[in-house]
Amino acid sequence: MIKLQDTTFRDHFSETLPADPHTDNSPRRVAQSAFSWVSPEPVSAPKTIAYSKELLTVLGWPESEANSELFAQVFSGNRLLSGMRPYAMCYGGHQFGHWAGQLGDGRAINLGGIDTETEGHLTLQLKGAGPTPYSRRADGRAVLRSSLREFLCSEAMYHLGIPTTRALSLVSTGEQIERDMFYDGHPELEPGAIVCRVAPSFIRFGHFELPTAREEYQLLEQLVKHCLKNDYKDKYAYHSDGLVDWFRDVCLRTADLMVHWMRVGFVHGVMNTDNMSILGLTIDYGPYGWLEAYDPHWTPNTTDAQGRRYCYGKQPEIAQWNLMALANGLYPLIGESEPLEEALTEYAKHYQRSWRDMMCAKLGMQTGRDTTDDSIIHELLSLLGAVEADWTLFFRALSRWDPQVKPQDDHLQGIVETFYLPEKFSGEVKQRWLVWLQAYGARILHEGQSTPTRIAQMNSVNPIYIMRNYLVHQAIEQVEKGDISALEQLMLAMRQPYEESDSFTLLTGKRPDWARHKAGCSMLSCSS
Ligand code: AMP
Ligand code: MG
């Protein structure tokens, strides 16, 4: 353990890559540079609201440090520690399918990194610490509600076992900032906050797209070499074949991430290429949401309500589209499109196989046993949609269903209770459910696993505690009034997402009716 004030930071990205020669914060085009030096803008009254105990340990700091004044000062950007030289990264991206040119860290500032004992080199980054040359017309700040959402969800994802950037701290700034939450010309003042995000790397697909679009090939080469060395630990050599192998690796990681998201019903909401991590991590928690009523077209993002480009069911396809944009970014270094196209095809195959295995695991069917599995899975998805079953609660209820008992109404109660539209469980739909349960029950019995083993296996992939949009919304409302008990309750539950406990019965209900269309619960905007 080391004290916060005795920690020395260093940073490989800014040490090796070319810096923007200008050091003012004015919004501008930054050419031939990987980043710009910036200083966080001090805030008036920083106060630590929450922190991640697990991450403190990884970073080598005792828990007492998180309650110190210094901690709030450092993780609000008011004070720098030894070796910290803050900077904002330059990258571009495709937003909603269109090339957007330079984007960059408009409200993220990297402080530097630490070599940890257990997780290698980790970079610490403040989100909401003030403007940078990439802020365009925005203020570089973040509101408490969106910061709390990012803090909570990234740690929840970690405990779910899903690759993600982490969050060390949530610090309120003591300042009010103006936001037009619905873009309807009615801005309001809201409390500001800053999250300290932590990851081995914050490099995005857009880092490679921008230099290629600008024909800055030397910068592209430098970025790729940096990434291969630091983020991929020299696993791939810098020549055409090595680069293709690396790209394939990025494709497979991204496919695995999509399978995880689909498993737990996570909808990112803004899968632009600047929000895609080169390490296959979940990154940039904005208007994300958790699927409650099963509907492949569901999106939490109001900005995407028309096109539904980033809805639940389209995420795997969009990830592949984003990988194609990355392939175009890397193409000048490889010079051949065929091997890149092959890797994209492999993405699709790998995703299909892994998704099927994941669905079999959710259903307690061990993989590769039976060719009827596909029809069991697809008919189930159709039936879940017909009754709007809760994606989380349904699979827990299914694990408790006894396949040896003939499906009858009282025996099905546990399952029907997870439907948002139980009235649809009648007539032809009910008939199809009964047929499905019979086929599924036979499949389970055929497998010959003991019931406790099957339940344990199903529960290990079907979480019971997810950070439901309405629960987080309630926690935000309370924190805004100065009460952090609901937030603390969520933080306890998220540490054991697969293990049901009597302490958290209030967190295991279906989404209440009032939250179905409520702003902040199912309707979120990018403006935060
Ligand atoms: P996002 O879709 O949230 O990842 O944001 C897209 C781009 O807008 C990124 O370059 C962000 O850094 C930038 N951005 C978003 N919100 C702000 C803000 N409040 N101030 C400055 N830049 C922002
Ligand atoms: Mg972003």
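All chains use their own residue numbering, which begins from 1 and follows the written sequence. Chain labels run from A onward and ligand labels from 1 onward, assigned in the order the entries are written. Where totals are concerned, whole chains, interfaces and linings use all residues; where local detail is concerned, this predicted model gives features only for residues with pLDDT of at least 70, and gives and counts side-chain atom pairs only at 80 or more. Remark: hydrogens and water are excluded; side-chain values derive from all non-hydrogen atoms of the structure.

*Asks:* Explain the overall build of the protein chain to me, please; I cannot follow it from the model alone.
*Replies:* Put simply, DSSP marks the helices as runs of H or I at least four residues long and the strands as runs of E at least two long, and each gets a number from the N terminus on. A tally of helices and strands in the protein chain yields 16 helices and eleven strands. Using C-alpha atoms as the atom set, the radius of gyration is obtained and then compared with a globule rule of 2.2 Å times the number of residues to the power 0.38. What you see for the protein chain is a C-alpha radius of gyration of 24 Å, in line with the 24 Å of a compact globule of 528 residues. Counting the 528 residues in the protein chain, one finds 59% classified as buried. Residue exposure ignores everything except the shown protein chains as possible cover, and the areas themselves are Shrake-Rupley values with a 1.4 Å probe. Of the roughly 21,200 Å² that the protein chain leaves accessible, carbon and sulfur atoms contribute 50%. Categorising residues by exposure relies on relative accessible area from a 1.4 Å probe, with only protein chains included: less than 20% of the type maximum marks a residue as buried, more than 50% marks it as exposed, and the intermediate range marks it as partly exposed.

*Asks:* Teacher, can you tell me more about the coordination of the magnesium ion (ligand 2) here?
*Replies:* Working reference: metal with six octahedral donors, ideal angles 90 or 180 degrees; metal with four tetrahedral donors, ideal angle 109.5 degrees. Coordination here is defined by N, O and S atoms within 2.8 Å of the metal (3.2 Å for Na, K and Ca), and since water is not considered, a site can look incomplete. Around the magnesium ion (ligand 2), the protein supplies N275 (OD1) and D284 (OD) as donor atoms, at distances of 2.0 to 2.2 Å. For the pair N275 and D284, one class covers both residues: buried.

*Asks:* Whenever I open this one, the site of ligand 1 confuses me. Can you help?
*Replies:* One heavy atom suffices: a residue is near a molecule or strand as soon as one of its heavy atoms comes within 4 Å of it. Looking at ligand 1, there are 16 residues lining it, with G104, G106, R136, G140 and N275 nearest. The definition of a polar contact used here is a pair of N or O atoms within 3.5 Å, where within protein one atom must be able to donate a hydrogen and the other to accept one, and adjacent residues in sequence count solely through side-chain atom pairs. Take R107: an N or O atom from its side chain is 3.1 Å from a nitrogen atom of ligand 1. Between ligand 1 and R136 there is a distance of 2.8 Å, counted from an oxygen atom to a side-chain nitrogen or oxygen. Alone, ligand 1 offers 480 Å² of accessible surface; in the complex the protein occludes 82% of this. Residues belonging to the shell around ligand 1 are distributed by class as follows: two nonpolar, six polar and eight charged. If you count residues domain by domain, the shell around ligand 1 takes at least three from each of domain 1 (4-199) and domain 2 (217-362). Side-chain classes are defined by residue name, with Ala, Val, Leu, Ile, Met, Phe, Trp, Tyr, Cys and Pro counting as nonpolar, Asp, Glu, Lys and Arg as charged, and the others, Gly among them, as polar. For the purposes of this description, domain bounds are those given by an automatic or database domain assignment.

*Asks:* Got a minute to help me understand the domain arrangement of the protein chain in this structure?
*Replies:* Interface extent is often summarised as the accessible area lost during association of the parts. Structurally, the protein chain comprises domain 1 (4-199), domain 2 (217-362) and domain 3 (373-448). Distance between the C-alpha centres of domain 2 and domain 3: 32 Å. Across the contact, 14 residues belong to domain 2 and 13 residues belong to domain 3. In total, about 1,200 Å² of surface goes out of reach between domain 2 and domain 3, with carbon and sulfur atoms giving 66% of it. Note on definitions: buried area is the accessible-area loss of two parts on being combined, 1.4 Å probe, summed for both. When the buried area of domain 2 at its contact with domain 3 is split by residue, Y294, M359 and K362 rank highest and sum to 46% of it. The closest approach of N and O atoms between D374 and R356, which form a salt bridge, is 2.7 Å. For the pair domain 2 and domain 3, the number of links is five residue pairs in polar contact (both at pLDDT 80 or more). Those elements that provide at least two residues to the side of domain 2 that touches domain 3 are α7 (240-264) and α9 (338-362). With five residues, the top contributor of residues to the side of domain 2 that touches domain 3 is α9. A breakdown of the residues in the side of domain 2 that touches domain 3 according to their chemical character gives nine nonpolar, one polar and four charged. Only heavy atoms matter for contacts: two residues are in contact if any of them lie within 4.5 Å across the pair. Here, a salt bridge means any side-chain nitrogen of Lys or Arg that lies within 4 Å of a carboxyl oxygen of Asp or Glu.

*Asks:* Would you explain the side chain of S33 in this entry?
*Replies:* Mapping S33 onto the fold places it in the loop between α1 (12-16) and β1 (35-37). For S33, a relative accessible area of 3% gives the class buried. Among the polar contacts listed, one links the side chain of S33 to the backbone oxygen of A31, at a separation of 2.8 Å. Once you skip the residues sitting within four places of it in the chain, S33 turns out to touch P18, A19, D20, P21, C90 and L219.

*Asks:* Honestly, the packing of aromatic side chains in this entry has me stumped. Any pointers?
*Replies:* Geometry of an aromatic ring pair is reported as the spacing of the ring centres plus the angle between the planes. Centre distance within 6.5 Å is the pairing criterion for rings of Phe, Tyr and Trp, where only the six-membered ring of Trp is used; planes under 30 degrees apart are then read as stacked, over 60 as edge-to-face, and the remainder as tilted. All told, the structure shown has 30 aromatic pairs when counted by the stated rule. Here W61 and F75 contribute two aromatic rings whose centre-to-centre distance is 6.0 Å and whose plane-to-plane angle is 45 degrees, an arrangement assigned as tilted. Placement of the pair is W61 in the loop between α2 (53-59) and α3 (69-74) and F75 in the loop between α3 and β3 (87-89), with a sequence separation of 14 residues. For the pair Y294 and Y312, a centre-to-centre distance of 6.3 Å together with 85 degrees between the ring planes defines the contact as edge-to-face. With Y294 in the loop between β11 (289-290) and α8 (315-334) and Y312 in the loop between β11 and α8, the pair connects residues that are 18 residues apart, well separated along the chain. Take Y312: its relative accessible area is 3%, and that puts it in the buried class. One aromatic cluster is present, built from ring pairs that chain together Y294, Y312, W391, F394, F395, W401, F419, F425, W433, W436 and Y440. Counted as over-ring charges are cases with an Arg CZ or a Lys NZ within 6 Å of the ring centre that also lie within 35 degrees of the ring normal. Across from the ring centre of Y288, 4.1 Å away, lies the NZ or CZ of R149, which sits over that ring. The cationic tip of K510 hangs over the ring face of Y420; the distance from NZ or CZ to the ring centre is 5.3 Å.

*Asks:* How do you make sense of the pattern of salt bridges when you look at a structure like this?
*Replies:* For side chains bearing opposite charge, pairing can occur when the charged atoms are close. Applying the stated criterion across every chain yields a total of 24 salt bridges. Here R468 and D390 are joined by a salt bridge, their closest N and O atoms 2.9 Å apart. Highlighted residues: R468 in the loop between α14 (451-459) and α15 (469-480) and D390 in the loop between α10 (373-387) and α11 (391-400), separated in sequence by 78 residues. Accessibility expressed as a relative area gives 1% for R468, which makes it buried. Judged by its relative accessible area of 0%, D390 is buried. A single network of salt bridges, built from pairs that share partners, joins K127, E150, R197, R204 and D284.

*Asks:* I tried to follow the packing of helix α5 (residues 205-213) against α8 on my own but got confused; where do I start?
*Replies:* Two measures define how a pair of helices packs: the angle their axes make with one another and the distance between the axes. For helices, the axis comes from a line fit to the C-alpha atoms of the stretch in contact; other axes are also lines fit to C-alpha atoms, and the angle between any two N-to-C directions lies between 0 and 180 degrees. Following both chains from N to C, one finds α5 and α8 inclined at 45 degrees, their axes separated by 8 Å at the closest point. Classified by the angle between their axes, α5 and α8 sit oblique to one another. By crossing handedness, the relation of α5 to α8 is classed as left-handed. From α5, F205, F208, E209 and T212 reach across to α8, where they touch N322, L323, A325, L326, N328, G329, L330 and P332. For the contact of α5 with α8, a count of residues per class yields seven nonpolar, four polar and one charged. The labels follow the angle: roughly parallel below 35 degrees, roughly antiparallel above 145, roughly perpendicular from 65 to 115, and oblique for the rest. In this scheme, a crossing is called left-handed if the near helix is turned counterclockwise away from the far one by less than a right angle; it is called right-handed if the turn is clockwise.

*Asks:* It is not clear to me how the pairing of strand β9 (residues 188-199) should be interpreted in this structure. Could you clarify?
*Replies:* Consecutive side chains along a regular strand alternate between the two faces of the sheet. In terms of residue burial, β9 counts as a mostly covered element, since nine of its twelve residues are buried. Pairing between strand β7 (residues 120-127) and β9: five bridges, direction antiparallel. The partner of K127 across the bridge, within β9, is V195. Two strands make a pair as long as DSSP finds a minimum of two bridges between them. The sheet contact formed by strand β8 (residues 166-179) and β9 spans ten bridges and is antiparallel. The partner of E178 across the bridge, within β9, is L189.

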